[in-house]
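Fold and contact review
Listed here are the chains, written in short residue letters.
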Amino acid sequence: MGEQEDLKSEHQTPKPESSGSKGHKSSPCPERWIHQGQASYLFSDENFSWQRCSSFCSSQESRFLKIDGKEELDFIKKASYQYVEDRQGLPYYFPFWIGLSYDPSTKKWGWMDGTALSSGLFHVPGGPSDNFQSGACAYFQGGNAKAGNCEETRFCICEKTRVATDQLG
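Residues numbered from 1 in each chain as written. Predicted model: local features only at pLDDT ≥ 70, side-chain atom pairs only at ≥ 80, totals over all residues. Heavy atoms only, no water.

Moving on, we get to the overall build of the protein. Counting secondary structure elements, the protein contains 3 helices and 10 strands. In the protein, buried positions account for 41% of the 169 residues. When the accessible surface of the protein is totalled, it reaches about 10200 Å², and 46% of it is carbon and sulfur. (Helix = DSSP H or I, 4+ residues; strand = E, 2+ residues; numbered from the N terminus. Buried < 20%, exposed > 50% of the residue type's maximum accessible area, 1.4 Å probe, protein only. Areas by Shrake-Rupley, 256 points an atom, 1.4 Å probe, with all protein chains shown as cover.)

Okay, structure coming up:
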């Protein structure tokens, strides 16, 4: 019975302030996913370590978020502001891991697929100089990229690329 009480905790489950068109019959995305361009995005409602977020995204038949350009970055920043709650009169924005980590051997931020973070796309403050015991991984919180210990638990952003049905065979 205690599990049900834990699931109801407002401080553990981020919900967007505005509901949009989630669950609508004509939506090109599964329920709880947000459609943007040729992709669908899931802002998880559970906390995981960075590595577990990768597994979670795979279990959703998707990939851990990789930001490919400015348009997608602007969307993620804007969407991350929707996951907020009031904590003693101040806004608290929920943190979401993305598929980006710091490689100490190359001294660069890299995506899960092995590609480097594009120069000038965005900057992740901290990380290399902060000596995170389990490595540095990136997350978004309130529109800002940040570095954190990869073993800490945060929410995740998963991404599915849509295939237009008119482009199939």
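By secondary structure assignment, the location of His 35 is in strand β1 (residues 34-36). The partly exposed category is assigned to His 35, whose relative accessible area is 33%.

Mapped onto the elements of the fold, Pro 91 is located in strand β5 (residues 90-93). Sequence-wise, Pro 91 and Tyr 81 are 10 residues apart; in three dimensions their C-alpha atoms are separated by 10.0 Å. Apart from residues lying up to four places away in sequence, Pro 91 is in contact with Val 84 and Glu 85. (Contact = heavy atoms within 4.5 Å.)

The biggest cluster of nonpolar side chains holds 29 residues, and the ones touching the most others in it are Phe 43, Ile 67, Ile 76, Ile 98, Leu 100, Trp 109 and Phe 122. For this core, the elements supplying multiple residues, two or more each, are β2 (39-43), α3 (70-80), β6 (95-103), β7 (108-111), β8 (136-141), β9 (144-149) and β10 (155-161). In this structure, Phe 48, Trp 50, Cys 137 and Cys 156 belong to the second largest nonpolar core, which totals 15 residues. (Core = buried A, V, L, I, M, F, W, Y, C linked by side-chain atoms within 4.5 Å.)

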